[in-house]
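# Fold and contact review
The primary structure of each chain is shown beneath.
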Amino acid sequence: GAVVSQHPSWVICKSGTSVKIECRSLDFQATTMFWYRQFPKQSLMLMATSNEGSKATYEQGVEKDKFLINHASLTLSTLTVTSAHPEDSSFYICSARGTGTSNNEQFFGPGTRLTVL
Amino acid sequence: GENVEQHPSTLSVQEGDSAVIKCTYSDSASNYFPWYKQELGKRPQLIIDIRSNVGEKKDQRIAVTLNKTAKHFSLHITETQPEDSAVYFCAAQGQAGTALIFGKGTTLSVSS
């Protein structure tokens, strides 16, 4: 149980285009999802917290107009990187916690590798 | 907000030796401390966790200790094996439901 999927697993796009990444909880309802970004050989940096049905809370330094997060249902959150540029190339990972999980444990998706040319 | 420091950044050991990775956190309200193992290009995998009401937890070759007063926690791996080679991250979480804040990671290399 407690499986989180992400789609796509990798994407290559041209500079200036937008890319949407989906994060799904497959066997539980995720009241809260988190989006992290991981540059090569670095740690996971929290970008934003999204709660189903409300606006995402962004970490300091993360542009909310560039990284659009939508958590419209209890099983799906999406991250859209708008007008992507090469510096946005990174590994994007979501995690989710749900009503049926322990209070603390979070479950990670497999990640999405974004390369912007 | 929470800040997590992790040391060392790299650690090389011989097969069979023990490995210790240490982390400190800043927010005294944090009460959950998981450790993750991440292989290249993959998601972090939870290997052990500890909550603030416990001082030590062990699972076979892996153990974690927590000192709440000093705000530090450590990962101990005994009898290391080459397959233990990976990047290890510690993390801390405040109130239930808030995000995990990660340390910078430790690259562990176990040579046979």
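About the cut-offs
Residues numbered from 1 in each chain as written. Chains lettered and ligands numbered in written order. Predicted model: local features only at pLDDT ≥ 70, side-chain atom pairs only at ≥ 80, totals over all residues. Heavy atoms only, no water. Helix = DSSP H or I, 4+ residues; strand = E, 2+ residues; numbered from the N terminus. Rg over C-alpha atoms; globule rule 2.2 N^0.38 Å. Buried < 20%, exposed > 50% of the residue type's maximum accessible area, 1.4 Å probe, protein only. Contact = heavy atoms within 4.5 Å. Areas by Shrake-Rupley, 256 points an atom, 1.4 Å probe, with all protein chains shown as cover. Lys, Arg positive; Asp, Glu negative; His and termini not counted. Charge placed at Lys NZ, Arg CZ, Asp CG, Glu CD. Pairing = 2+ DSSP bridges. Axes fitted to C-alpha atoms, helices over the stretch in contact; angles between N-to-C directions. Core = buried A, V, L, I, M, F, W, Y, C linked by side-chain atoms within 4.5 Å. Buried area = accessible area lost by both parts, 1.4 Å probe. Salt bridge = Lys/Arg side-chain N within 4 Å of Asp/Glu carboxyl O. Nonpolar A, V, L, I, M, F, W, Y, C, P; charged D, E, K, R; others polar.

What follows deals with the overall build of chain B. Along chain B, the regular secondary structure elements total zero helices and eleven strands. Secondary structure elements in chain B, listed N-terminal to C-terminal, are β-β-β-β-β-β-β-β-β-β-β. Relative to a compact globule of 112 residues, whose C-alpha radius of gyration would be 13 Å, chain B shows 13 Å and is just as compact. With respect to the principal axes defined by its C-alpha atoms, chain B has extents near 40 × 30 × 20 Å. Counting only residues that meet the buried cut, chain B has 44% of its 112 residues in that class. Restricting the contact set of chain B to residue pairs at least 6 apart, pairs at least 24 apart contribute 53%. Of the roughly 5,600 Å² of accessible surface on chain B, a fraction of 46% belongs to carbon and sulfur atoms. For chain B, the centre of its 11 positive side-chain charges and the centre of its 12 negative side-chain charges are spaced 5 Å apart.

Positionally, Arg37(A) belongs in strand 4 (residues 30–38). Dropping the residues within four chain positions of it, Arg37(A) is found in contact with Ser43(A), Leu44(A), Met45(A), Met47(A), Phe67(A), Ser90(A), Phe91(A) and Tyr92(A).

This part takes up the sheet that holds strand 8 (residues 76–81) of chain A. Backbone-to-backbone hydrogen bonds pair the strands of a sheet. The strands run either parallel or antiparallel. All names here are of chain A. With antiparallel pairing, four strands are arranged side by side in an open sheet as 1-3-8-7. With partners counted over all chains shown, the strands left at the sheet margins are strand 1 (4–7) and strand 7 (67–73), one partner each. Going across the sheet, the axis of each strand differs from the next one's by a mean of 15 degrees, ignoring polarity. Bridge analysis of strand 3 (residues 19–25) against strand 8 gives six bridges, and the strand direction is antiparallel. Residue pairing in the sheet places Cys23 in a bridge with Ser77 of strand 8.

Turning to the nonpolar core, a few remarks are in order. If you look at the biggest cluster of nonpolar residues, it comprises 25 residues, and the most contacted ones within it are Val4(A), Trp35(A), Phe67(A), Leu79(A), Tyr92(A) and Leu114(A). Residue assignment for this core shows that the elements contributing at least two residues are strand 2 (10–13), strand 3, strand 4, strand 5 (45–51), strand 7, strand 8, strand 9 (90–98) and strand 11 (112–116) of chain A. Once residues lying within four places of it in the same chain are set aside, the contact partners of Phe67(A) are Arg37(A), Met47(A), Tyr58(A), Val62(A), Leu79(A), Thr80(A), Val81(A), Asp88(A) and Tyr92(A). Judged by nonpolar contacts, the second largest core, of 24 residues, contains Val4(B), Cys23(B), Ile50(B) and Leu108(B).

Residues and elements named next belong to chain B. Looking at the element boundaries, Ser109 is found in strand 11 (residues 106–111). Separated by 16 residues in sequence, Ser109 and Gln93 have C-alpha atoms that sit 27 Å apart. Excluding its chain neighbours within four sequence positions, the residues that come into contact with Ser109 are Leu11, Ser12, Val13 and Ser85.

Turning next to the interface of chain A and chain B. Across the boundary between the two partners, chain A contributes 22 residues, which contact 21 residues of chain B. Counting each side, the surface lost to burial between chain A and chain B is near 1,600 Å², with a carbon and sulfur contribution of 55%. Remark: the boundary between chain A and chain B carries zero salt bridges. No other element matches strand 4 of chain A, which puts four residues into the side of chain A that touches chain B. The class makeup of the residues in the side of chain A that touches chain B is nine nonpolar, ten polar and three charged.

What follows deals with the pairing of strand 4 (residues 32–38) of chain B. All names here are of chain B. Of all seven residues in strand 4, seven are buried, a share of seventy percent or more. The two faces of strand 4 match: Tyr32, Pro34, Tyr36 and Gln38 on one face and Phe33, Trp35 and Lys37 on the other face are all buried. In terms of strand pairing, strand 4 meets strand 5 (residues 45–51) through six bridges, oriented antiparallel. The residue of strand 5 that forms the bridge with Tyr32 is Arg51. Linking strand 4 to strand 5, which pair antiparallel, is a turn of six residues; within it Gly41 sits at a positive phi near 75 degrees. Pairing analysis gives four bridges linking strand 4 to strand 9 (residues 86–92), with the strands arranged antiparallel. Its bridge partner lying in strand 9, Tyr36 is registered against Phe89.

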